[in-house]
Amino acid sequence: AVVSTQSTGVTRCGRTDKGVSAFSQVISLYLRSKEGEEYDYPAMLNTVLPSHIRILGWTYVGLEFDARFQVLFRSYRYFFPLCNMDLEVMRGACQRFLGTHNYRGF
């Protein structure tokens, strides 16, 4: 049984804003395992997660791995409904977000 997030050693990559969908998020946590006799961790975890959050897969990592601080890159995609928007103006505005940026203060 999970007593607390501290007891599982949970770390996660950067969070997203409330109400925003996030794909391909990475977390790390400690699980009991016996090599060669693994459980179906995604299925087990998905039974206790809300239906809009799904675990798709897992892999071993070293104990020093930290999903937040050892991330190599982040990629963002934004989707907008097409409802009376000026696409050329939006494309121009989006050019400001292309490239590498430091959002550490956010």
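Our structure's up above, just so we're on the same page.
Residues numbered from 1 in each chain as written. Predicted model: local features only at pLDDT ≥ 70, side-chain atom pairs only at ≥ 80, totals over all residues. Heavy atoms only, no water.

## A short note on the packing of aromatic side chains
Line of reasoning, step 1. What the rule picks out here adds up to 3 aromatic pairs.
Line of reasoning, step 2. Ring pairs connect the aromatic residues Tyr 39, Tyr 41, Trp 58 and Tyr 60, which therefore count as one cluster. (Phe/Tyr/Trp six-rings, centres within 6.5 Å; stacked < 30°, edge-to-face > 60°.)

## Some thoughts on a nonpolar patch on the surface
Line of reasoning, step 1. Taken together, the side chains of Tyr 76, Tyr 78, Phe 80, Leu 82, Met 85 and Leu 87 make up a nonpolar region of the molecular surface, amounting to roughly 710 Å² of accessible area.
Line of reasoning, step 2. Within the element layout of this structure, Tyr 78 appears in the loop between helix H2 (41-46) and helix H3 (87-94).
Line of reasoning, step 3. Note on Tyr 78: relative accessible area 60%, which makes it exposed. (Patch = residues over 30% accessible without salt bridge, like charges linked within 9 Å, V, L, I, M, F, W, Y side chains within 5 Å. Areas by Shrake-Rupley, 256 points an atom, 1.4 Å probe, with all protein chains shown as cover. Salt bridge = Lys/Arg side-chain N within 4 Å of Asp/Glu carboxyl O. Helix = DSSP H or I, 4+ residues; strand = E, 2+ residues; numbered from the N terminus. Buried < 20%, exposed > 50% of the residue type's maximum accessible area, 1.4 Å probe, protein only.)

## Some points on unusual backbone geometry
Line of reasoning, step 1. Phi is positive for Asn 84, which is not a glycine, with a value near 55 degrees.
Line of reasoning, step 2. Considering the arrangement of structural elements, one finds Asn 84 in the loop between H2 and H3.

## Re the pattern of salt bridges
Working definition: two side chains of opposite charge can pair if their charged atoms are close together.
Line of reasoning, step 1. Throughout the structure, instances matching the rule amount to 1 salt bridge.
Line of reasoning, step 2. For Arg 91, the salt bridge identified is with Glu 88, shortest N-O distance 2.8 Å. Note that Arg 91 and Glu 88 are positioned in helix H3 at a spacing of 3 residues, about one turn of the helix.

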